[in-house]
2 protein chains.
Amino acid sequence: MADDWANSAGGETAGVDLHLELAGEGSPRAQLMSALRDAIRSGRLASGTRLPPYRTLAADLGIARNTAAAAYAELVEEGWLTAQQGSGTRVADRATPAAVDRKGAAARRNPRRVLHDLQPSSPNAAAFPRTDWAASTRRSLAAAPNDAFGVGDPRGRVELRRTVAEYLSRARGVRAEPERIIICSGFAHGLQLLCDVLNGPMAMEAYGLDFYRDILHDKWIESIPVSVDHRGAVVDELVGTDARAVLLTPAHQYPTGGPLHPERRAAVVDWIRASGAVLLEDDYDGEFRYDRQPVGALQGLDPDRIVYLGSVSKSLSPALRLGWMVLPDSLIDDVLSAKGSREMWAGVVTQLTFADFLSSGAYDRHLRRTRATYRRRRDLLVRMLAQRAPHIRVSGIAAGLHAVLELPDGTEDSTLHAARSLGLALDGLRRYRHPAAPMPHRDGLVVGYGTPSDHGFGPALEALCRALSGR
Amino acid sequence: MADDWANSAGGETAGVDLHLELAGEGSPRAQLMSALRDAIRSGRLASGTRLPPYRTLAADLGIARNTAAAAYAELVEEGWLTAQQGSGTRVADRATPAAVDRKGAAARRNPRRVLHDLQPSSPNAAAFPRTDWAASTRRSLAAAPNDAFGVGDPRGRVELRRTVAEYLSRARGVRAEPERIIICSGFAHGLQLLCDVLNGPMAMEAYGLDFYRDILHDKWIESIPVSVDHRGAVVDELVGTDARAVLLTPAHQYPTGGPLHPERRAAVVDWIRASGAVLLEDDYDGEFRYDRQPVGALQGLDPDRIVYLGSVSKSLSPALRLGWMVLPDSLIDDVLSAKGSREMWAGVVTQLTFADFLSSGAYDRHLRRTRATYRRRRDLLVRMLAQRAPHIRVSGIAAGLHAVLELPDGTEDSTLHAARSLGLALDGLRRYRHPAAPMPHRDGLVVGYGTPSDHGFGPALEALCRALSGR
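1. A look at the side chain of Ser311(B)
Residue and element names in this part refer to chain B.
Right, so step 1: One can find serine 311 in strand E11 (residues 306-311).
Right, so step 2: A residue is classified by how much of its surface remains accessible, and serine 311, at 11% relative accessible area, is buried.
Right, so step 3: Within the structure, serine 311 has its side chain in polar contact with the backbone nitrogen of serine 313 (distance 3.0 Å).
Right, so step 4: Not counting chain neighbours up to four residues away, the residues in contact with serine 311 comprise Gly186, Leu322, Gly323 and Trp324.

This is the structure:
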């Protein structure tokens, strides 16, 4: 990320004195990216040239720091620039852009052969409840009225909205009536719709998924990063911003792993009330807590200002493309209008099947089974690390499908490199970092323990310990 | 539509002399809409005031006619203006906007009780092959590899792309390899992705679905309407435009019903070769032809410049949200990048199920069955009209799920009104008309014969005949 070196000791050493003119069409960022590409293409900026810190450049050009940081980060991804801790952002050796796949996280990852997959992307695919799912399909198809196969309701099938409302209320403390639920095809779809509806900048946690940031970027919404620590997002930072919305992962900060502290839960609700902003609660893995009962959703504190978002992506499979939003009354019409009566939404058979899967008790059984598996896997991870890599601390609560391993300063890249050479795919914490994060980076790994098969998990942990201990 | 009166005799009578200043952000259209809304809100334009013809206004403001026409049409839909044949566009009596639901076609339609549904929106919902679908789900879930339930391939499951390639090649003459297919969640999704990828204006048929136009509008792509007649789109009109793409329904122009004439098929291929434009072939009902074998897809004539789009929305159900694109090599990477690795796409169980449904022969059986039903229904419609409303001509080929009934000039609105009072829901041709269509409007009805149940079809036809004969 472009700002890494800005936090490093020598980061403020000035790079080349760079005269750029912003002109042409598009946002300041697009103009800056275009000017930088032109300068590189023309040879005015030679390979290896160190660029000025983004803060300096932003001040010179009279643009927002965010904008300069984002332009650097994007040109790094496109292959025009490289960013290295301690050495700043430089023009890449062979500054021709790689095939751009901004959103294609998978494609950006290790292209070598993956022997062990500890990427925190998905639940255990082998645990998908095939037989129960097929039975729910059969039952729900037999019971469905004919109009289920007509044009359809953009809110989603009422059978599903009813059972989801009942489930969320029971399991997550959400104040959910079927009329306030809109079915969507996963969190990303929900966030896109909300971006169409909400105006103004959106605050988000300084560590989070890059594709959330991509969605805001594509929708021309400025993102304002908020620091995170072991008590979750530092919501005090919201005061004084012009954010009109804030996106949080209160149950289990993604990926750093802290739950939002009760005082901060109260404080953020105070802030949305005072500022009139909307809170988006991303409850991506609220079902998976291993040390105690899960904390209820924040949404119950102020259903008129909080949008609750959930999906089956962590609990069943991200490939089902099924999620839901519980909306304040004031947003329902706008979100439906943004969705459109003919836009894509979750397929009706998937909707009907999940409604049966929920109401028949199969979902609760599935959750109990997988919760036990993930808990065992997490315990094993913690135990093995204590034995084999005692210098590594596992941070965050015992929850979800991933853990964060704190690394000694300056070792994230080398550890990832060691992992890669062992055929082990996992993520460094840096890729989750917002380009304009207001806090220093701490090196770390994000280890997903959901993805491997049962027999593959032991060998994957073994490889992880080797990568961490350098042996 | 805003331009109706421009084609009527008194249409060019000047309306109020209107001084508007375009300013602020957004496209010229957005600026014009905002200026008109302000003028109405402030009372400067009183209720009932007749606006100048859009051509005059466009010339005055130095903006495109298209833009002015579209702004008028949109303000009509929002409830600020009214447009009536012969009386021009006027400020609405109570010019406060209705709850805006631009894309919510269903909501815009008759809010009264629908006793008979002849809207051309969907196939016969009662014919959905529930048992076969459940069997395909069971078989395909049992056979799927574990990785099917992981993050998934944004191109879609390879099992499905293989069977769809085989099917399209066999049934529709499409040159389709699995590598060039991308699964999407229906035509609208495919068009949205292509809008992200293609630059410049897109030509489209002057009669077509309003939500296609909405998609272009939302993506800031100018649409250029091309006339249609009984030989399909008048593709000669493309020459000299700056269109970079053209969207056509060659097998069965939607909704007017002509197939694209062989000479025009050749001419449009010549045009895309000469201009470098891309052709989007919307093969929405290519499986349903009753008088002969269906004409093969246009795509086979130049697979390097033609994108083929299809779905199960007419053949099985629009609620399944499943479709496909066959792309030229040159577009695949861009479309995948636009889709994104985490964006919504058709759910994996739906994909696997349809792959089995296709390869097991169940799809062909289903098509044979429904083709026979729709053919009988169309024949009955034609026969009853010949007896009961002999002044009405059914135009277009014997194909698809709808027929166009040509009405005497000036009777479309009154016929729709008569239909509505009988509890009969159907569409007038005017709602399909592009706001800037370069051809005069001919009154007509679009009658869908797919939607009713078997026992409901006779009474629906009876009501239609009564509405047409005024008795």
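2. What about the sheet that holds strand E9 (residues 245-248) of chain B?
Residues and elements named next belong to chain B.
Right, so step 1: Strand order across the open sheet formed by seven strands is E4-E12-E11-E10-E9-E5-E6, with mixed pairing between neighbours. Looking along the sheet, the strands with just one partner apiece sit at the ends: strand E4 (181-184) and strand E6 (223-226). Here the average twist between neighbouring strands, direction ignored, is 20 degrees.
Right, so step 2: Pairing geometry for strand E5 (residues 202-205) and E6, over four bridges, is parallel. Following the sheet pairing, alanine 203 is matched in E6 by isoleucine 224.
Right, so step 3: The strands that helix H8 (residues 187-197) touches are E4, E5, E9, strand E10 (278-282), E11 and strand E12 (323-326); relative to E11, the one it contacts most, it runs at about 155 degrees.
Right, so step 4: On the sheet, helix H10 (residues 262-275) packs against E9, E10 and E11 and is oriented at approximately 160 degrees with respect to E9.

3. Regarding the pattern of salt bridges
Right, so step 1: For the coordinates displayed, the defined rule picks out 46 salt bridges over all chains.
Right, so step 2: Note that Arg139(B) is salt-bridged to Asp356(B), the shortest N-O span being 2.7 Å. Remark: Asp356(B) occurs in helix H12 (residues 348-359) and Arg139(B) occurs in helix H6 (residues 130-143); sequence separation between them is 217 residues.
Right, so step 3: Take Arg139(B): its relative accessible area is 37%, and that puts it in the partly exposed class.
Right, so step 4: Taken together, the salt bridges that share partners define one network made up of Asp147(A), Arg157(A) and Glu159(A).

Procedures and definitions
Residues numbered from 1 in each chain as written. Chains lettered and ligands numbered in written order. Predicted model: local features only at pLDDT ≥ 70, side-chain atom pairs only at ≥ 80, totals over all residues. Heavy atoms only, no water. Helix = DSSP H or I, 4+ residues; strand = E, 2+ residues; numbered from the N terminus. Buried < 20%, exposed > 50% of the residue type's maximum accessible area, 1.4 Å probe, protein only. Polar contact = N/O pair within 3.5 Å; in protein donor to acceptor, adjacent residues only side chain to side chain. Contact = heavy atoms within 4.5 Å. Pairing = 2+ DSSP bridges. Axes fitted to C-alpha atoms, helices over the stretch in contact; angles between N-to-C directions. Salt bridge = Lys/Arg side-chain N within 4 Å of Asp/Glu carboxyl O.

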